[in-house]
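Next come the chains, spelled out residue by residue.
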Amino acid sequence: MLWLPFTHKDSDITCSNDIGKLKTHGQEQRYLSPTTGICRKLIVQAVTPSGKFEVAIKDHTNQTSKLAIWLLSHSPIRGWIFFKWISVWLWFTLKLLWPVLWFLVALYFNTGDDSEEDAEPSYNTGYYKPYLREFQGQLWAARSCREHSLRVKDEQEMNTRTHTCYPRILMIRSPNQNEWVRCADRDIIIRTKFIAISYRAIDAFTRGPGEKKDKAQFTDEVRAAVLGQQFNAYWLDLECLGETPSEENQDVYCMADVYRRAETTLIMLGRAACGENECWRGWGERVWTFPEALLSSRLCYKFRDREEVKPLSLFELANLAYTNSKDEQAVVNAYGGKDPLERLERLALLKKAIWQRGTANLPLASGPPPPPKSAMIGGGPVTSGAYKAYKAERVYALMGFFEHRIQPDHNEDDLRALARLSMANDNDRITERMVSMFPSTTTPGACWYADNDIYDANLWDILPEIQVAGVTENGALILDGCRAAAIRWKDFPEVASATTYSLRRTILRAIPYFSWPIIVIGLGIVWTVSRMGGIVLIGIGILLLILSPLLLLFGKSGRIVAAQPWLIGVKGVIDRKEVESHLYGGTIAHFQRMFFTPSRSPFSTPEQLARRGGSDKQYKDAVEQAKSGRGVGHMYTLIDTCSSTMYYFCAERAPTVCIFAGREGGLGRVVLCSENYKDNELHKEMVLRMPTEISQKMELCGWVALR
């Protein structure tokens with residue numbers, strides 16, 4: 001996935017903080033501080049730092065524990081390390097003296113309550129760090145009619161009905177004059193049975209000097225075929241589409257109803273001499289193929305170089321024109337009554353099939369497709385010359401299957417049109433479901449769009465937890481009801497945590513802090529009470545100091561039962577044990593404190609055991625990915641202290657915001673986003689599957705724009 005630069009290299013960016021105060025800065029990646037609400041440079045801790053915005057991994061775990069780990073992991077009898085070991089041990093013992101001195105000072109000044117607060121300086125609210133920024137721009141199109149929209153609405157759009165029972169224009173044969181006339185009289189049209197014509201433009205005419213003659217010849221052939229079927233009226237877009245932009249929009253809006261109301265749909269194919277299979281394949285590649293075929297009550301077809309008109313069933317059509325996709329076959333079976341599909345599943349498969357239209361080799365589109373070629377959409381009115389293709393042609397072909405439709409607009413693309421169609425049909429919530437999906441390949445300008453999912457989930461598998469409130473002029477979705485959290489990248493914070501209670505560990509953890517008091521008492525006894533007794537106490541104190549690293553670490557061992565929620569990011573691939581040491585320091589009698597997941601990230605691998613869990617193999621896989629392919633320089637590790645899990649993933653940029661967007665397969669769908677301050681948008685970098693319960697630890701935020 002590529003990331004488009006915000007501005008030119010020689011220019012700065014002006015953004016505003018959460019209260020609207022403007023600030024100018026360079027093009028480096030930035031984030032909004034969850035503590036101050038100020039836009040700051042993003043400093044990323046990395047396994048292998050490179051560049052001025054990457055630093056080595058560091059943490060805020062207890063210094064005494066770090067010294068104890070070092071003392072136990074290094075033998076003092078190896079060469080010159082003895083002197084270093086002694087110096088570290090002396091520094092460790094002085095660290096044990098500091099809490100005793102602080103306790104005495106606090107006791108003397110009667111500040112016991114304050115000492116408790118100072119002894120627990122960790123951030124501990126029970127919630128993740130919040131995301132403070134809200135969308136501050138205007139909507140291009142809004143879900144609510146009470147919201148201001150930048151999109152200019154045509155007056156005709158305000159009064160257009162959702163569906164129509166008859167076409168606006170028909171070509172009708174006059175019985176008196178024996179000629180075909182263009183009829184717009186409603187009273188005549190509603191009483192006339194007609195045939196709708198489906199064709200491919202390239203089979204009807206060729207652009208150029210002879211275009212007008214080709215269209216006239218094709219029209220004559222259509223009229224002869226219509227008369228041969230005992231009909232005196234037909235609908236052909238070459239003659240029946242509107243001449244003004246307003247009329248053209250209205251005709252495209254209701255085109256699906258034309259095929260619904262027609263007695264028969266006649267498919268005019270090319271010349272059979274060029275190959276029947278080629279003619280069928282070419283017709284099947286068109287954008288409007290599915291509305292024309294699936295919504296028609298009866299089908300028939302004719303080759304241009306043959307006189308015979310043959311009837312055609314929907315299943316025969318599928319075998320002839322749709323032979324490259326099981327999704328197309330599933331849709332045909334559903335509309336043919338063979339294998340009924342749920343509404344959302346049917347619409348999702350239709351969208352996927354229509355999105356494959358318009359190219360010569362039927363590729364599976366992985367992102368928003370380019371505008372369709374005019375040769376694939378069927379032609380245009382004879383009065384306007386060349387047909388001006390809609391950028392969102394696919395969406396307008398799809399909307400005929402929806403209960404509520406949107407007015408076509410030449411100025412909008414697929415993304416904005418699809419967002420408007422989804423908002424108009426809220427029960428389906430297509431765009432909300434797409435937010436929770438991450439496609440196998442992405443495009444720079446449309447990260448919320450997804451035709452497939454890296455976790456092999458379908459659109460109907462997603463249960464959204466958000467709502468799309470509108471769409472911006474850039475095509476970004478405005479999301480409402482998001483639970484969001486900030487990701488910390490600069491270092492590992494000090495994590496407040498609680499372990500299972502153990503009387504033995506509690507006693508052993510406290511013993512090292514009695515070492516110095518015992519030594520001090522022994523020194524006092526030597527000179528005042530008993531020389532031998534004082535020496536014994538001093539010896540006991542020194543022995544405890546020697547054993548203190550072991551006792552201290554054992555006392556801090558134990559299973560973590562609760563921890564302050566943090567999302568912590570590291571660039572590169574970091575080992576699980578190293579993460580544990582940075583979060584909680586070292587321990588002995590070790591309980592595992594961080595876990596790999598069996599199915600929650602692209603690198604997750606399940607253990608083949610009786611108990612469900614993630615395999616350590618994913619660490620090796622992530623390391624290999626980081627050395628080659630897309631993973632070079634783009635591998636990241638995310639640590640979640642609330643669920644004690646860690647995730648490996650690839651991303652173009654370090655994500656700084658985490659949005660809980662939906663649920664699927666018993667887990668939550670969490671969208672990881674980087675921040676684009678120039679456009680006040682979030683950019684989707686990756687989607688992870690995380691425990692649903694962590695959403696209760698995220699605070700609700702205001703509107704956010706997701707691109």
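Provided above is the structure to which this section pertains.
The rules we used
Residues numbered from 1 in each chain as written. Predicted model: local features only at pLDDT ≥ 70, side-chain atom pairs only at ≥ 80, totals over all residues. Heavy atoms only, no water. Helix = DSSP H or I, 4+ residues; strand = E, 2+ residues; numbered from the N terminus. Buried < 20%, exposed > 50% of the residue type's maximum accessible area, 1.4 Å probe, protein only. Contact = heavy atoms within 4.5 Å. Areas by Shrake-Rupley, 256 points an atom, 1.4 Å probe, with all protein chains shown as cover. Patch = residues over 30% accessible without salt bridge, like charges linked within 9 Å, V, L, I, M, F, W, Y side chains within 5 Å. Salt bridge = Lys/Arg side-chain N within 4 Å of Asp/Glu carboxyl O. Lys, Arg positive; Asp, Glu negative; His and termini not counted. Charge placed at Lys NZ, Arg CZ, Asp CG, Glu CD. Core = buried A, V, L, I, M, F, W, Y, C linked by side-chain atoms within 4.5 Å. Phe/Tyr/Trp six-rings, centres within 6.5 Å; stacked < 30°, edge-to-face > 60°. Lys NZ or Arg CZ within 6 Å of the ring centre and 35° of its normal.

> Sorry, what's going on with the overall build of the protein chain here?
Each helix and strand in the protein chain was counted, giving 23 helices and 29 strands. Expressed as a percentage of its 707 residues, the buried residues of the protein chain come to 52%. Within the protein chain, contacts between residues separated by at least 24 positions form 66% of all contacts whose residues are at least 6 apart in sequence. A total of about 32800 Å² of accessible surface is found on the protein chain, and carbon and sulfur atoms cover 54% of it.

> Looking at this model, I keep getting lost on a positive patch on the surface. Mind explaining?
Taken together, the side chains of Lys-23, Arg-40, Lys-41, Lys-52, Lys-58 and Lys-490 present a region of like positive charge at the surface. Relative to the helices and strands, Arg-40 resides in strand β4 (residues 39-41).

> How should I be thinking about the pattern of salt bridges in this particular structure?
Pairing of side chains with opposite charge becomes possible as their charged atoms draw close. Enumeration according to the criterion identifies 32 salt bridges in this entry. The residue Arg-223 makes a salt bridge to Glu-239 at a minimum N-O spacing of 2.8 Å. On the criterion of sequence distance, the pair formed by Arg-223 in helix α7 (residues 211-228) and Glu-239 in helix α8 (residues 237-240) is long-range, its members being 16 residues apart. The two residues Arg-223 and Glu-239 agree in class, both being buried. The residue Glu-412 makes a salt bridge to Arg-420 at a minimum N-O spacing of 2.5 Å. You'll find Glu-412 and Arg-420 in the same group, each marked buried.

> Explain helix α11 (residues 276-284) here, please?
One turn of the α-helix equals 3.6 residues, which is why residues spaced by three or four share an orientation. Every buried residue of α11 is accounted for by Cys-279, Trp-280, Gly-282, Trp-283 and Gly-284. Where α11 is buried, its residues contact β10 (195-199), β12 (264-269), α12 (289-294), β13 (299-303), β14 (310-312) and α13 (314-321).

> I tried to follow the nonpolar core on my own but got confused; where do I start?
Generally speaking, soluble globular proteins have nonpolar side chains that are buried together. Of all hydrophobic cores here, the largest spans 140 residues; its most connected members are Ile-197, Trp-280 and Leu-317. With 8 residues, helix α15 (residues 343-355) is the largest single contributor of residues to this core. Membership of the second largest hydrophobic core comes to 21 residues, among which are Trp-566, Met-594, Phe-596 and Cys-650.

> Would you mind showing me how to read the packing of aromatic side chains here?
A ring pair, where both rings are aromatic, is described by two values, the distance of the centres and the angle of the planes. Under the definition given, this model contains 17 aromatic pairs. Taking the centre distance of 5.1 Å and the plane angle of 65 degrees together, the rings of Trp-280 and Tyr-301 count as edge-to-face. A residue pair is termed long-range when its members are at least 10 positions apart, and Trp-280 in helix α11 and Tyr-301 in strand β13 qualify at 21 residues. Of the residues examined, Trp-280 reaches a relative accessible area of 2% and is grouped as buried. In this structure Tyr-301 comes out as buried when scored by relative accessible area, which is 14%. The rings of Trp-280, Trp-283, Tyr-301 and Phe-303 are connected pair by pair, giving a single aromatic cluster. The cationic tip of Lys-215 hangs over the ring face of Phe-205; the distance from NZ or CZ to the ring centre is 4.8 Å. One residue, Arg-306, lies across the ring of Phe-303, its end atom 5.2 Å from the ring centre.

> Help me understand the environment of Ala-46, please; the structure alone is not making it clear to me.
If you trace the backbone, Ala-46 turns up in strand β5 (residues 44-46). Distance from Ala-46 to Ile-57, taken between C-alpha atoms, is 5.9 Å for residues 11 residues apart in sequence. Look past the residues within four positions of Ala-46 in its chain and what remains in contact with it is Glu-54, Val-55, Ala-56, Ile-57 and Lys-571.

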